[in-house]
Structure formats: C-alpha cells, structure tokens
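# Notes for the structure review
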Amino acid sequence: MQHIKWQKPVLRVAVFSAQPYDKRFLNQINLAHFQSLHAELVYHISPLSEESVPLAALCDAVCVFVNDCVDEPVLKLLSEQGVRGVFLRCAGFNNVDLKAAEKLGMFVARVPAYSPEAVAEFTIAIMLTLNRRTHRAYNRVREGNFDLNSLLGFNMHKKTVGIVGVGKIGLAVARILKGFGCNLVAYDPYEVEEFKALGSYTTLDDLLQQSDIVTLHCPFMDSTKHLINRSSLKCLKTGAMLINTSRGGLIDTSAVIDALKSGKIGALGLDVYEEEANLFYVDHSADIIHDDVFQRLVTFPNVLVTGHQAFLTEEALTEIAETTFQNLQHFADGTECKNALVGGGAKTAK
Ligand code: NAD
C-alpha cells in the first residue's frame, strides 16, 4: 500500500467534537513528547459533518471521534480543501467510508486499543448498578426514603454471563467476572485460547438461552447490525440482563423496548444508542428531546443509559492522545503506520 506523506513545516489538524478533556490530554502529550512534529491543533466543539467541513480550511488533517460523520460526501469536501489525513481518536471506524478515503488518496488511522479495562470496568459498573439498584437507592436516600422494597438484587456468584465478542474488551470483562465466580460463555466467530481458560464458547442462540446477563463487545458492522432483534430476543432467557457498551447499532431498540414491556428483558444497560449522534456529548437539559424511542427507554426503572462514557478514564485518554500523535508522526514522516486503515503502508486490521 502506498505511503501518504505530508510535506509542510507545520502540521495543522482540525480536531472535531473536541471536549475540554480532549484538549487537555492532546495538548499535554503534544507538549511533552511531540514538539518536534510542529503540530498545530485547532479545536472545534462541533462534530464533523458536511456543514462543518469549512472549519478544516487550511488544515492538513482532521481528528475525529465516534459520532463524527466521515462519509463519502464529507471526505470529498475535505479532500477538495486539501485535507489529506483522518485521525480517529477511537477504535471503531464504522463512521468512516474507508473505500471513499482510499479512492481520494487519503490517510486514515485509528487508536485500535486504549485501555480495554476502562470499558470493561465501566461495563461491570453498569451491571452491578442495575443488579443492586444503587442508582435508585442513591435517589431514595437523598429524599429521606430508606425503604428497601424493589431494590432486591441477586448474587453475581455462580450466575452465567454471556459475552458476545471476546476481543480486547470482552476478554477484560471475562477476567473481572471470573473473580466474581461467574460461569462464562462466549460467542465469537474467532476463538482465542485466553478465553478458553476462563469459560467456553458456544453459539449465539445457546448463549442467549443460558445467560443471566448478556454483554455485547463485538464491533458494529453490516453483519452485526441489530444482532439483538425480535428474532434473537426469542432465545433470550426470560428476565435476563442485557448490557451494550459497544455500539448502539448492535441493538434494535424498538424490539428491546417491547421486550422490556413484556418482562423478557429483566434489566437493560446502555452506554451507546443507535441514534446517539443527535444527543450525546451535548447538554440538552433545557431542550425538548424529539427522540421518542430514547425518551421511552429512559422511563423504565430497570434501564440505565449513560452517554458513551465507558472510555472516559485518565489512562484511556492518555493512551488515545499518545497513539493519535504517533499516528500523526507516521503521517508526517511517511513511515509505516500499524494503526492505519488506509494509506499508511499497513494492512487494515481485522
Ligand atoms: P476487538 O476488535 O479487540 O474485539 C472485537 C471482537 O468481536 C473480536 O474478537 C471479533 O472476533 C469479535 N466479533 C466480530 N464479529 C463478531 C460477531 N458477529 N459476533 C461476535 N463477535 C464478533 O475490539 P475491542 O477493543 O474489544 O472493542 C469492542 C467494541 O467496543 C468496539 O468495536 C467499539 O465499538 C466498542 N468500544 C466502546 C467504547 C465505549 O466508550 N463505549 C470504547 C471503546 C470501544
């Protein structure tokens, strides 16, 4: 694959969806380790879209996150403006049209692994909160209500947890749950030896039938879109807990709402939501939210939704910033970039 080299004295990067914590960690790493790169980061709170492309004027690259739109029309507009590189501050790249980027001769790189423990530990936090109702207990005690009724949980010990996708995060989840004494089953088309020491692989249907808790850790692709749908939910053990900290599109939300109403799903924990791009990372507390599906979801007492924050630890943000700068360095130097998805002299990772 051809190397794409940047050849200017200053590397100007438009950073989209830039939150204060992104600025803090990127600036820290830039100052501490990459001053010789002469990167100038221009931060924009707005996400990348056709409308916001002009914000990348005079920039050599854009740096984006999970909900930025990097489809063919956006890439074409960026390319016309002279942008040559796209740097993802995340692992998932379902929001980038890689074929279009390749056609346009662009460089695309991601951060394939940053502290899988950050996401795994947050997954366990959601599980335990839903199980022991600490979110409800917190509100009750603040109101002087010490009634324990309807806060009944279950022991994690000896429960069966089904892990869909045993990659870096799924494996980290498995290791933690082993400590709780859970029985672990997993579904993944690619089996790894590390998991076989902790549990056993099975089919998706069997996993859904056996598990008291199902947790999703596979990537979002055409083949995994609505993996949890009306048909697969029929296999789910009645009353099971379902957790998704991967990508919203893995779940057919209206099917899940019906399953919550019927009691088929006993509890639901989501850090991601299919239509999250219109909601997450922005304070909408004074707005009318028009997404009725989302609004219905948050009315259930056994549903916990968080705004795509599983990655948000000091360690993960440090690793994201470091790897992003390493990727920028490879782009600048024209050296092989193992995190490149397009144009970096390396093969696209699985
Ligand atoms: P990974 O690539 O290490 O692991 C993904 C695993 O899913 C692989 O083992 C793969 O074989 C498996 N897989 C592929 N297709 C599958 C299918 N059809 N059914 C079951 N398994 C399948 O990725 P990772 O680093 O563990 O990340 C997993 C996902 O977590 C990412 O795709 C990303 O969407 C999400 N994520 C979320 C956050 C967050 O803040 N909520 C942060 C980072 C990553």
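Residues numbered from 1 in each chain as written. Predicted model: local features only at pLDDT ≥ 70, side-chain atom pairs only at ≥ 80, totals over all residues. Heavy atoms only, no water.

- Per an unreviewed UniProt entry, the recorded name for the protein chain is D-lactate dehydrogenase, and the organism is Linnemannia gamsii.
- UniProt's Sequence similarities (unreviewed entry) comment on the protein chain is quoted here verbatim: "Belongs to the D-isomer specific 2-hydroxyacid dehydrogenase family." (UniProt positions renumbered as here; feature names shortened; annotations may be inferred.)

## Examining the overall build of the protein chain
- Scanning the protein chain from terminus to terminus reveals 12 helices and 13 strands.
- Referenced to the eigenvectors of the C-alpha coordinate spread, the extents of the protein chain come out at roughly 65 × 50 × 35 Å.
- A burial count over the protein chain gives 51% of its 350 residues as buried.
- For the protein chain, the share of sequence-separated contacts (at least 6 apart) that also reach a separation of at least 24 residues comes to 71%. (Helix = DSSP H or I, 4+ residues; strand = E, 2+ residues; numbered from the N terminus. Buried < 20%, exposed > 50% of the residue type's maximum accessible area, 1.4 Å probe, protein only. Contact = heavy atoms within 4.5 Å.)

## Observations regarding the pattern of salt bridges
- Following the criterion strictly, the structure yields nine salt bridges and no others.
- Between glutamate 40 and arginine 12 there is a salt bridge, with the nearest N and O atoms lying 2.6 Å from each other. Pair noted here: glutamate 40 is in strand E2 (residues 39–43) and arginine 12 is in strand E1 (residues 11–15), with a separation of 28 residues, a long-range link.
- With a relative accessible area of 36%, glutamate 40 lands in the partly exposed category.
- We classify arginine 12 as partly exposed; its relative accessible area is 24%.
- Put simply, Glu72, Lys76 and Lys103 are held in one network by salt bridges that share partners. (Salt bridge = Lys/Arg side-chain N within 4 Å of Asp/Glu carboxyl O.)

## Describing the packing of aromatic side chains
- A complete count under the given rule lists nine aromatic pairs for this structure.
- A ring pair is formed by tyrosine 273 and phenylalanine 294, whose centres lie 5.2 Å apart and whose planes are at 55 degrees; its orientation type is tilted. You can see tyrosine 273 sitting in the loop between strand E11 (265–270) and helix H11 (292–297) and its partner phenylalanine 294 sitting in helix H11, a full 21 residues away along the chain.
- Ring-pair connections join several aromatic residues into one group, and the members of that group are Phe65, Tyr281 and Phe311. (Phe/Tyr/Trp six-rings, centres within 6.5 Å; stacked < 30°, edge-to-face > 60°.)

## Remarks on the packing of helix H4 (residues 116–132) against helix H6 (residues 168–180)
- As a packed pair, H4 and H6 sit with axes 8 Å apart at the nearest point and diverge in direction by 50 degrees. Here H4 is positioned oblique relative to H6, judged by the angle of their axes. Note that H4 runs across H6; the crossing there is right-handed. Across the interface between the two elements, Pro116, Val119, Ala120, Glu121, Thr123, Ile124, Met127 and Leu128 of H4 pack against Lys168, Ile169, Ala172, Val173, Ile176, Leu177 and Phe180 of H6.
- Its residues assigned to classes, the contact of H4 with H6 shows 12 nonpolar, one polar and two charged. (Axes fitted to C-alpha atoms, helices over the stretch in contact; angles between N-to-C directions. Parallel < 35°, antiparallel > 145°, perpendicular 65-115°, else oblique. Left-handed = near helix turned anticlockwise from the far one by under 90°. Nonpolar A, V, L, I, M, F, W, Y, C, P; charged D, E, K, R; others polar.)

## Some thoughts on the site of the ligand
- For the ligand, the set of nearby residues contains 25 residues, the closest of which are Lys168, Ile169, Asp188, Tyr190 and Thr245.
- In this structure, isoleucine 169 approaches the ligand through a main-chain N or O atom, which is 2.8 Å from an oxygen atom.
- Surface burial for the ligand is 90%, taken as the share of its 860 Å² of free accessible area covered by protein chains.
- Here the residues of the shell around the ligand sort into 13 nonpolar, seven polar and five charged. (Near = heavy atom within 4 Å. Polar contact = N/O pair within 3.5 Å; in protein donor to acceptor, adjacent residues only side chain to side chain. Areas by Shrake-Rupley, 256 points an atom, 1.4 Å probe, with all protein chains shown as cover.)

## Re the pairing of E11
- Extensive coverage of E11 is indicated by the burial of five of its six residues.
- Bridge count for strand E10 (residues 240–244) against E11 is five bridges, and the pairing is parallel. Residue pairing in the sheet places asparagine 244 in a bridge with leucine 270 of E11.
- Traced from E10 through helix H10 (residues 253–262) to E11, the parallel crossover comes out right-handed.
- Taken together, the three bridges between E11 and strand E12 (residues 303–305) define a ladder with parallel strand orientation. Counted as the bridge partner of leucine 268 is valine 303 from E12. (Pairing = 2+ DSSP bridges. Right-handed = clockwise from strand over helix to strand, strands pointing away.)

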